[in-house]
Structure formats: structure tokens, C-alpha cells
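Architecture and fold: a report
Next come the chains, spelled out residue by residue.
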Amino acid sequence: MSQSTMKKLCIVLAVLLVIALAGLVITLIRNSNRSVAIKSFAIGDSTGHIETEWVKWKKQYVIVITLPDDYEFTKCIANIELAKGAAISSESPCLVDYLGGRPVLNLTLENRDLIIINGTKTRNYGFRIELKKEK
């Protein structure tokens, strides 16, 4: 193999190594952000989903759920699946109590964030509640 071919091969291998390392770093960052994730969220028969919004250059997490307009919003018993090791912070403004291991939430508050913690990481989830008229 000529010296020119060896140089080209070394350059190609170096570029591939840089791409592989960048992919590894991105994967590690994504996985560390998932440690405070809500995997699923439901209140009664209503299932919510998580959306992200950018407000003033800051990423915010929002639980979007549709509930009946006559629902008792001061005592919502939630079924929440969290990432491994994550928990609901007792500092969450909307957290009222627990019932059978499930959190009871007051969703009538102006500041009703649900705060999820995992080790030293925290993430705030706001709420967007859409109302469904009962027939």
C-alpha cells in the first residue's frame, strides 16, 4: 500500500471515529434527560400526552389532557408512570396527597406544576387542560 493510500485511510478512520463519538455523546445526553421523564399520564379514563414548548428560549414540558368539564379538578387522582428512579417531588405545587400510592392533584391552581426528581435532576411539567362537554 502506498503512503498516500495509508494517509487517506487514516483520515477516513479518524472521521468515522469522530462521528461515532459524537453519536455516543448525543445518546448519553438524551438518556440522561429521560431520567426525569413522565412515561405515561392518566386521570380516570383520560390519557394525557407530553408536549414540549419553547418559551423565551427555554424548553418547557406540558402535560396535555382532556377532562370532562364537570370533573372535580381539586382532587384528581393520577396514574403516572415515571422513568426508573424518578419520583414526584413533594415541592410540586399541585400535589395534595397520595391515595393508594397514586398522587392526588389540585389542577385549579394558577401555578400547578408537577415536579419530577431523579437524583440531582429535576423537571417541571405544566398542564394544558382541554374540557370535554358531557352529554
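Residues numbered from 1 in each chain as written. Predicted model: local features only at pLDDT ≥ 70, side-chain atom pairs only at ≥ 80, totals over all residues. Heavy atoms only, no water.

1. Considerations on the sheet that holds strand 4 (residues 76-82)
Read from one edge to the other, the open sheet built from 9 strands follows the order 5-8-9-3-2-1-4-7-6, with strand pairing classed as mixed. The strands lining the two open edges of the sheet, one partner per strand, are strand 5 (87-88) and strand 6 (95-99). Summarising the sheet, strand 6 and strand 7 (residues 102-105) pair through 4 bridges and their orientation is antiparallel. If you follow Tyr98 over to strand 7, its bridge partner there is Pro103. (Pairing = 2+ DSSP bridges. Helix = DSSP H or I, 4+ residues; strand = E, 2+ residues; numbered from the N terminus.)

2. Focus: the nonpolar core
One finds Phe41, Leu105, Leu114 and Ile116 to be the most contacted residues of the largest nonpolar core, which totals 24 residues. Every element with two or more residues in this core is listed here: strand 1 (38-43), strand 3 (58-68), strand 4, strand 8 (114-118) and strand 9 (121-132). At 4 residues, strand 3 tops the list of elements feeding residues into this core. The residues touching Phe41, leaving out its near neighbours within four places in the chain, are Ser46, Thr47, Gly48, Ile63, Ile65, Ala78, Asn79, Ile80, Leu105, Leu114 and Phe127. (Core = buried A, V, L, I, M, F, W, Y, C linked by side-chain atoms within 4.5 Å. Buried < 20%, exposed > 50% of the residue type's maximum accessible area, 1.4 Å probe, protein only. Contact = heavy atoms within 4.5 Å.)

3. Here we look at the confidence of the model for the protein chain
Averaged over the protein chain, the pLDDT score is 87; the fraction of residues at 70 or greater is 90%. The least confident element of the protein chain is helix 1 (residues 3-33), whose mean pLDDT is 72; the most confident is strand 7, at 96. (pLDDT = per-residue confidence, 0-100.)

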